[in-house]
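Working through the structure, step by step
Listed here are the chains, written in short residue letters.
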Amino acid sequence: GQGASVTADNGAEGRGMKLDAKTIAALAEHLESCQLQVRDTPKITDEHPDMDWDDAYAIQAELLRRKTARGRKLAGLKAGLTSHAKMKQMGVSSPVFSFMTDDYLVADGGEVKCSELIHPKVEPEIAFVTRRALKGPGCHIGAVLAAVDFVIPGIEVIDSRYRDFKFDLKSVIADNTSAARFVIGGQPKRAEQVDLRTVGVVLEKNGEVVALGAGAAVLGHPAAALAMLANHLGERGQEIPAGTLVLSGGITEAVPVQPGDAVTLRVQGMGSTSMRFV
Ligand code: OOG
Ligand code: MG
């Protein structure tokens, strides 16, 4: 199933990782404890400056292993830092990839408990659901559009485990790219029914517009985020399986939220989805 194909292997074999398996396991445990106990930590590269990209993704894979061992199911994959607005806000320069488990899923219009989160922010995103598997290398937006079942509005709640959201790329990859909660809803559309470059998105908090943009903010075309993800997984002998939900990345800067906030995302021609923070 889906789990098997992303847990199979962290791709590290023969790739010259800098951290040993014990350190990777300890760092995954540390980051997950911060998440479960709702406390922050300095970024892990402060203590492990020689950590490399494969180490970072190996820590993330260990997080998924821990969660699935406790009975969590994989609910989807995500690309992050795919727009200039997000890269600029976070001071980094390239996209990152990670996963969401079933406990991150919020029902459309549902509640998110702020007591379970450190310092949540919301992001307007386009979610894709695949009809066929996507495998890199060589994946491009044409292949993505041919393999997509439908697209639908999605709001991601990010909640970096790092103090004040201060991190570098390796640290944020290890922290499962700040994934915390997400909602999807509205009107699903076939990819060919919407121009994903010009589609407008409006994010509202308590009835006020707090961010707005168009799909092209994500890598020129949000489908490019899935192509990058497929190519990233392809390097590790993995793929985006058929029937996978993928968040393509925040179109605008992320917006902080607090108890009492109601957030709605409206996507042109695709209806809206919302969540409430309590
Ligand atoms: C990293 C996660 C970014 C997105 O959509 O860009 C992300 C972060 O900003 O904490 O999910
Ligand atoms: Mg996101």
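Everything that follows concerns the structure shown earlier in this document.
Remember, predicted model here, so these are calculated numbers, not experimental data.

Before going further, it helps to spend a moment on the coordination of the magnesium ion (ligand 2). Ideal coordination angles are 109.5 degrees for a metal with four donors arranged tetrahedrally and 90 or 180 degrees for a metal with six donors arranged octahedrally. Every protein donor of the magnesium ion (ligand 2) is listed here as E123 (OE), E125 (OE) and E156 (OE), and their distances to the metal cover 2.0 to 2.1 Å. Along the chain, the residues donating to the magnesium ion (ligand 2) fall in the pattern E-x1-E-x30-E. Within this pair, whereas E125 is found in strand β4 (residues 121-130), its partner E156 is found in strand β5 (residues 148-158), the two being separated by 31 residues in sequence. With respect to burial, E125 and E156 carry one shared label: buried.

Taken as a whole and judged by the stated rule, the model has two cavities of 30 Å³ or more. Of the pockets and cavities examined, the second largest cavity occupies roughly 110 Å³. In terms of lining residues, the second largest cavity is bounded by 17 residues, among which L81, K86, E123, I158 and T177 are the most central. Contributions of two or more residues to the lining of the second largest cavity are made by β1 (74-80), α4 (84-90), β4 and β5.

We now examine the sheet that holds strand β7 (residues 200-205). With mixed pairing, five strands are arranged side by side in an open sheet as β3-β12-β11-β7-β8. With one partner strand each, in any of the chains shown, β3 (111-112) and β8 (208-214) form the two edges of the open sheet. Here β7 runs beside strand β11 (residues 262-267); their pairing, made up of five bridges, is antiparallel. Within the sheet, the bridge partner assigned to V201 lies in β11 and is V267.

Next up on the list: the layout of surface pockets. By volume, the largest pocket amounts to about 200 Å³. Contributing to the lining of the largest pocket are 14 residues, with Q35, L36, D103, E116 and R181 lying nearest its centre. Of all the secondary-structure elements, those providing two or more residues to the lining of the largest pocket are α2 (21-37) and β6 (179-184). Of the residues that constitute the lining of the largest pocket, the class distribution is five nonpolar, one polar and eight charged.

To continue, consider helix α3 (residues 53-69). Taking 1.5 Å per residue, 17 residues should reach 24 Å; α3 reaches 24 Å between its end C-alpha atoms and fits that length. Those residues of α3 that sit buried are D54, D55, A56, Y57, A58, I59, Q60, E62, L63, L64 and K67. Of the residues that open α3, the one with a side-chain oxygen 3.1 Å from the backbone nitrogen of D54 is D52. Of the residues flanking the end of α3, it is G71, one or two places downstream, whose phi is positive at about 100 degrees.

Bringing helix α7 (residues 223-234) into the picture now. The terminal C-alpha atoms of α7, which comprises 12 residues, lie 17 Å apart, in line with the 16 Å expected from a rise of 1.5 Å per residue. Burial runs high along α7: 10 of the 12 residues are buried. Every buried residue belonging to α7 is among A223, A224, A225, L226, A227, L229, A230, H232, L233 and G234, and all of these are buried. Check the buried side of α7 and you find it contacts α3, β1, β2 (96-101), β4, α5 (141-147) and β9 (245-247).

Reading the values: the criteria
- Residues numbered from 1 in each chain as written.
- Chains lettered and ligands numbered in written order.
- Predicted model: local features only at pLDDT ≥ 70, side-chain atom pairs only at ≥ 80, totals over all residues.
- Heavy atoms only, no water.
- Donors = N, O, S within 2.8 Å, 3.2 Å for Na, K, Ca; no water.
- Helix = DSSP H or I, 4+ residues; strand = E, 2+ residues; numbered from the N terminus.
- Buried < 20%, exposed > 50% of the residue type's maximum accessible area, 1.4 Å probe, protein only.
- 1 Å grid on protein atoms, 1.4 Å probe; cavity = no way out; pocket = protein on both sides within 12 Å on 5 of 7 lines; lining within 4 Å.
- Points joined across faces, edges and corners; volume = space filled by probe spheres on them.
- Pairing = 2+ DSSP bridges.
- Nonpolar A, V, L, I, M, F, W, Y, C, P; charged D, E, K, R; others polar.
- Expected span 1.5 Å × (residues − 1).
- Polar contact = N/O pair within 3.5 Å; in protein donor to acceptor, adjacent residues only side chain to side chain.
- Contact = heavy atoms within 4.5 Å.

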